[in-house]
Amino acid sequence: MDLEPAIRTRRTHKVYGPEPVAPETVAELVELARWAPNHHLTNPWRFRLLGRSALERLKAIAEEAKPGSAAKLDRAPTLVAVTVKRSGDAGQDREDLLATGVAAYIVLLAAHARGLAGYWRTVPVLDSPAGRAALGIGDDEEAVGLLYLGRPRQEQRVPERAGVEEIFTELD
Ligand SMILES: Cc1cc2nc3c(=O)[nH]c(=O)nc-3n(C[C@H](O)[C@H](O)[C@H](O)COP(=O)(O)O)c2cc1C
């Protein structure tokens, strides 16, 4: 798929087929993500493909924190947790977080280009000590999001976008 149609047609999916994405395919997506720009080449991103035990640990903690929320972690057959390394320097941490957002987007875009569906989800339980421990997120890391991946099951609504004239200004 060419880049421009891929950018335009990637959608957030919340319903997936049951087949997991092969770990080798996830590794290919991560290999692409590491080409994201990152200042001082800090390579701040970390990706964890959740296996069955990790998912069960996370679901138990999510359910305890908010009853009913564990089921949302079963929506996709494959989950990838994205975290960013923290340096303690506010300027670098800001750049590293932005770079990791770009890397996460590359995973979603490259998944879409392979015919896969994806979804970037903010999961508050990953900020809790128990949720972090469930995935082995270190003290020098911060959760950025959980990427859902799998086979698409339905067409997605195309969300409204602000027009170019609203968001773009040419300065003298
Ligand atoms: C940083 C970030 C966090 C997001 N977190 C959530 C989330 O927690 N729940 C959700 O439904 N969508 C979440 N999304 C997905 C957006 O809602 C989605 O991208 C937006 O609705 C546009 O739809 P599209 O991806 O199909 O273009 C998140 C997206 C980003 C970039």
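Read on for a plain summary of the structure.

Rules and cut-offs
Residues numbered from 1 in each chain as written. Predicted model: local features only at pLDDT ≥ 70, side-chain atom pairs only at ≥ 80, totals over all residues. Heavy atoms only, no water. Helix = DSSP H or I, 4+ residues; strand = E, 2+ residues; numbered from the N terminus. Buried < 20%, exposed > 50% of the residue type's maximum accessible area, 1.4 Å probe, protein only. Contact = heavy atoms within 4.5 Å. Arc of directions from axis to C-beta. Near = heavy atom within 4 Å. Polar contact = N/O pair within 3.5 Å; in protein donor to acceptor, adjacent residues only side chain to side chain. Areas by Shrake-Rupley, 256 points an atom, 1.4 Å probe, with all protein chains shown as cover. Nonpolar A, V, L, I, M, F, W, Y, C, P; charged D, E, K, R; others polar.

1. Topic: the environment of isoleucine 7
Line of reasoning, step 1. Note on placement: isoleucine 7 falls in helix α1 (residues 3–9).
Line of reasoning, step 2. By relative accessible area, isoleucine 7 is classed as partly exposed at 39%.
Line of reasoning, step 3. Separated by ten residues in sequence, isoleucine 7 and glycine 17 have C-alpha atoms that sit 22 Å apart.
Line of reasoning, step 4. What isoleucine 7 contacts, discounting residues up to four positions off in sequence, is Tyr105 and Leu109.

2. Quick look at helix α2 (residues 23–33)
Line of reasoning, step 1. Buried within α2 are the following residues: Val26, Leu29 and Ala33. Down the axis of α2, the sector holding all buried residues measures 55°, keeping them to one side.
Line of reasoning, step 2. In this fold, the buried residues of α2 make contact with β1 (45–49), β2 (78–85), α4 (90–113) and β4 (141–150).

3. Details of the site of the ligand
Line of reasoning, step 1. Near the ligand, the surroundings consist of Arg10, Arg11, Thr12, Lys14, Tyr119, Trp120, Arg121, Thr122, Pro159 and Arg161.
Line of reasoning, step 2. Within the contact set of the ligand, an oxygen atom lies 3.2 Å away from a side-chain nitrogen or oxygen of tyrosine 119.
Line of reasoning, step 3. Between the ligand and the protein, one listed contact pairs an oxygen atom with a backbone N or O atom of threonine 122 at 3.0 Å.
Line of reasoning, step 4. The fraction of the free accessible surface of the ligand (620 Å²) that becomes covered by protein chains is 59%.
Line of reasoning, step 5. When its residues are assigned to classes, the shell around the ligand shows three nonpolar, two polar and five charged.

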